[in-house]
Amino acid sequence: MSAMMERIVAPWSTSGPGGAILVFDRSGSRFSVSGGLGDLAQESVFDENTVVRLASITKHVLAAMVLSAADQIGLEDPLLLHLPELQPEIGMVKVAQALSMTGGLPDLRECLSLQGLFFNSRCEIPAACKQLTLLDRLNFQPDTELSYSNTGYRLVETALARKRLNFAGFVESHVRRGAGASLYTPEIWGDTVAGLVPGYWETERGWQPGDQGMPLSASGCLCGSASALADWLRHLIAGQGSLATLFSRLAVPRVLLNGYCTDYGLGLYRMTVQGRTFVGHDGSLPGYKACFLIDPASGCGVVVTSNREDTAARTIARSVLAAGFGLTLPDPVSPGWASPGFYVDESGTRWIEVRERSIIHMGAEEPLFCAGEDKAVSVNPTAPVSLRSVAGHLAGEIGFSPVRFAPALPGTGPDVSALDGIWIIPGQGALLEICDGVLIQGTGPQRSRMPLRSLGRGLWLFRRDDGPWSVEVRLKRLSCDQIELATARARSVIYERLTIVSVGGMKETAQAPLISV
């Protein structure tokens, strides 16, 4: 096991960012390995005590806070009960649905991205809260699917704050003082955290530090080292005092309306390898990757922390813990398991691209593995996929929701020229232009030209680059005056065609060349 861990960290050289892998049990840390640097400018070595951003690992701590405040907020409470300013469709989502990724809440960060904001565009906390009240459409009806979103955690944290229940205060009392674990809760990227090293992503200019403009929130603000996280996790699974039974309650999955039992609970997920179930969570912020997995039966676990964007933290944690128990991981699917290319569902809501050993579902790539002779599945508990190739089509479930895809038919449906014009989101200032099959968005040096690729039937894709990430966005023509942009986490951002009303009352469609010069 230790030799395997050494091989994993070996590529993290002494000239680039790195990471640490720590194995622990109920009695303490057993051993760790590490490689690479923490701060490239200072040439500090990365080890198990290096402080990084733990990102979405934060979620289980907020969920623990909710369970500890049952007299103030209930899991079956609709969000509207605590946040009356929410739009009705958003407010109907229950607290448990918001925390278990089954509420259909669109991800705020993804929505703003589809409005043209970049990952490092600054957004102050009050402005972010205001944006949450403008969300008015769900990605899907609650309890019909599992799909990852940070929005539920932002909303529940806001609801708790209204009751003078502060997340930072909970971490101070239960984590730092209660468990003796040095974990911290900055609200924004620029807040000072003692010992925090930069996270890095690789560019043509070499390693560059990551950044984020959105407030961090209790969906992903925790900072700490691998050893500090292990200290907290040991305390949590021990279940002493006010934490009694919390760990097992957090890990209870939700049952959907169709009877499927998800692998996501309240800020924790389950991963099963050869019948043995591990519990944990991973996290990702620009330049940072982290993950922990625990075997509840034995109390053994592994923590992975890293300050490099290319670290596959969840894969590492799963491989290490499986090796420790002598378990065999499933094989990747064989090339040719399905015909490569683009597929769309009947409604035009979803699209996928089949690649050699993975699919891209609405812009998010998932590696696939063998599960029987003709089934391909993902092993990501936050993005479950199970598909079969049937007579040139793909059928199965994504997010435990039934799906059926047919090959895309580029060139069918309306011509791309039907999209020419200027498109806006009324009242929000978002604007894009489409001219000659190219979508144009942004201003000044951030103005981007993104060619449209036809999927047929009034559907197109365009690729949007955003710092360390690049994502394919689906554009759907709803009518001559409405289009919809969608990714996996934000499926219905609607733009309307801009019309100009003359002094005489005549309406004229605004054409992109009016401002694209």
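Up top is the structure these notes are about.
In this numbering scheme, every chain counts its residues from 1 along its sequence in written order. Owing to the predicted nature of the model, reporting of local features is limited to residues with pLDDT of at least 70; listing and counting of side-chain atom pairs is limited to 80 or more, with chain, interface and lining totals taken over all residues. Excluded from the side-chain calculations are hydrogens and water; all other atoms, namely the structure's heavy atoms, are used.

**Observations concerning the overall build of the chain**
Next, step 1: A run of DSSP states H or I qualifies as a helix once it reaches four residues; a run of E qualifies as a strand once it reaches two. Both are numbered from the N-terminal end. Assigned secondary structure in the chain consists of twelve helices and 30 strands.
Next, step 2: Seen through its principal axes, the chain has C-alpha atoms that stretch 80 × 55 × 50 Å.
Next, step 3: Only protein chains enter the accessibility calculation, which uses a 1.4 Å probe; a residue whose area is less than 20% of its type maximum is buried, one above 50% is exposed, and one in between is partly exposed. The buried share of the chain, reckoned over its 517 residues, is 55%.
Next, step 4: Contacts in the chain between residues at least 24 apart in sequence constitute 61% of all its contacts with a sequence separation of at least 6.
Next, step 5: Lys and Arg are tallied as positive, Asp and Glu as negative. Neither His nor the chain termini are counted. By convention, the point assigned to a charge is CZ for Arg, NZ for Lys, CD for Glu and CG for Asp. Computed over 45 positive and 51 negative side-chain charges, the inter-centroid distance for the chain is 3 Å. Contacts were defined at the residue level, with two residues in contact if any of their heavy atoms lie within 4.5 Å.

**Some points on the pattern of salt bridges**
Next, step 1: Whenever a carboxyl oxygen of Asp or Glu lies within 4 Å of a side-chain nitrogen of Lys or Arg, that contact is scored as a salt bridge. Taken as a whole and assessed by the stated rule, the structure comprises 26 salt bridges.
Next, step 2: In this structure, R276 engages D295 in a salt bridge whose closest nitrogen and oxygen atoms are separated by 3.0 Å. In this pair, R276 is assigned in strand β8 (residues 276-285) and D295 in strand β9 (residues 288-295), connecting sequence segments 19 residues apart.
Next, step 3: Overall, R276 belongs to the partly exposed group, its relative accessible area being 29%.
Next, step 4: Two residues, D374 and R388, come together in a salt bridge whose shortest N-O distance is 3.2 Å. Placement of D374 in the loop between β15 (369-370) and β16 (375-377) and of R388 in strand β17 (residues 385-390) is noted, with a sequence separation of 14 residues between them.

**As for the packing of aromatic side chains**
Next, step 1: By convention, a stacked pair of Phe, Tyr or Trp rings (six-membered ring in the case of Trp) has centres within 6.5 Å and planes under 30 degrees apart, an edge-to-face pair has planes over 60 apart, and any other such pair is tilted. Within this structure, the stated rule accounts for five aromatic pairs.
Next, step 2: When the ring of W189 is compared with that of Y288, the centres are 6.0 Å apart and the planes differ by 55°; the resulting orientation is tilted. Of this pair, W189 sits in the loop between α9 (167-177) and β4 (200-203) while Y288 sits in strand β9, placing them 99 residues apart in sequence.
Next, step 3: Residue classification places W189 among the buried positions, given a relative accessible area of 12%.
Next, step 4: Of the residues examined, Y288 reaches a relative accessible area of 2% and is grouped as buried.
Next, step 5: Their ring planes at 40° and their centres at 6.1 Å tell us that F342 and W351 sit as a pair that is tilted. Take F342 and W351: they sit in the same class, and that class is buried.
Next, step 6: Any Lys NZ or Arg CZ found within 6 Å of a ring centre and within 35 degrees of that ring's normal is scored as a charge over the ring. The ring centre of W189 lies 4.0 Å from the NZ or CZ of R53, which sits over that ring.
Next, step 7: A cation over an aromatic ring shows up here: K59 above the ring of Y153, its NZ or CZ 5.4 Å from the ring centre.

**Side note on the sheet that holds strand β21 (residues 430-435)**
Next, step 1: Think of it this way: DSSP has to see at least two bridges between two strands before they count as a pair. Taken in spatial order, the nine strands make up an open sheet running β23-β22-β21-β20-β28-β27-β26-β25-β24, and their pairing is antiparallel. Among the strands making up the open sheet, the edge pair consists of β23 (448-451) and β24 (453-456). Across the sheet, the mean angle separating the axes of adjacent strands is 30° when strand polarity is ignored. Here the axes come from fitting lines to C-alpha atoms, over the contacting stretch only for helices, and the angles between their N-to-C directions go from 0 to 180 degrees.

**Topic: the pairing of strand β14 (residues 364-367)**
Next, step 1: Pairing between strand β13 (residues 358-361) and β14: four bridges, direction antiparallel. Its bridge partner being in β14, I359 is matched across the sheet by E366.
Next, step 2: Where β13 hands over to β14, the hairpin turn is made up of two residues, of which M362 adopts a positive phi near 50°.

**Quick look at the side chain of H361**
Next, step 1: Counting through the fold element by element, H361 comes out in strand β13.
Next, step 2: A polar contact is formed between the side chain of H361 and the side chain of R350, at a distance of 3.1 Å.
Next, step 3: Discounting residues that sit within four places of it in the chain, H361 has contacts with R350, W351, I352, I398, A488 and R491. Pairs of N or O atoms within 3.5 Å make up the polar contacts considered here, provided that, within protein, one atom can donate a hydrogen while the other can accept it, and that residues adjacent in sequence are counted only when both atoms are side-chain atoms.

**Quick notes on the packing of helix α2 (residues 59-68) against α9**
The relative placement of two packed helices is expressed as an angle between their axes plus a distance between the axes.
Next, step 1: Taken N-terminus to C-terminus, the directions of α2 and α9 make an angle of 90°; their axes are 10 Å apart at the nearest point. Taken together, the axis directions place α2 and α9 in an arrangement best described as roughly perpendicular. Facing V61, L62, A64, M65 and S68 of α2, the residues of α9 in contact are F167, F170, V171 and V175.
Next, step 2: When residue character is reported, Ala, Val, Leu, Ile, Met, Phe, Trp, Tyr, Cys and Pro are called nonpolar, Asp, Glu, Lys and Arg charged, and the others, Gly included, polar. Considered class by class, the residues forming the contact of α2 with α9 number eight nonpolar, one polar and no charged. Here the word oblique covers every angle except those under 35 degrees (roughly parallel), over 145 (roughly antiparallel) and from 65 to 115 (roughly perpendicular).

**Topic: the pairing of strand β25 (residues 459-466)**
Next, step 1: Taking burial as the measure, the eight residues of β25 include six buried ones, the bulk of the element.
Next, step 2: Strand direction decides the pairing type here: β24 and β25, joined by three bridges, are antiparallel. Each residue of the ladder has a partner; that of G456, found in β25, is L459.
Next, step 3: Between the antiparallel neighbours β24 and β25 lie two residues, among them R457 with a positive phi of about 55°.
Next, step 4: Between β25 and strand β26 (residues 469-479), which pair antiparallel one after the other, the connecting turn spans two residues, and G467 there sits at a positive phi close to 60°.

**Some words on unusual backbone geometry**
Next, step 1: A positive phi is found at D436, a non-glycine position, where the angle reads about 55°.
Next, step 2: Along the chain, D436 falls in the loop between β21 and β22 (438-441).
Next, step 3: On the basis of relative accessibility, which here comes to 66%, the residue D436 falls in the exposed class.
Next, step 4: Despite not being glycine, R457 has its phi angle at roughly 55°, a positive value.
Next, step 5: Secondary-structure assignment places R457 in the loop between β24 and β25.
Next, step 6: The class of R457 is partly exposed, set by a relative accessible area of 41%.

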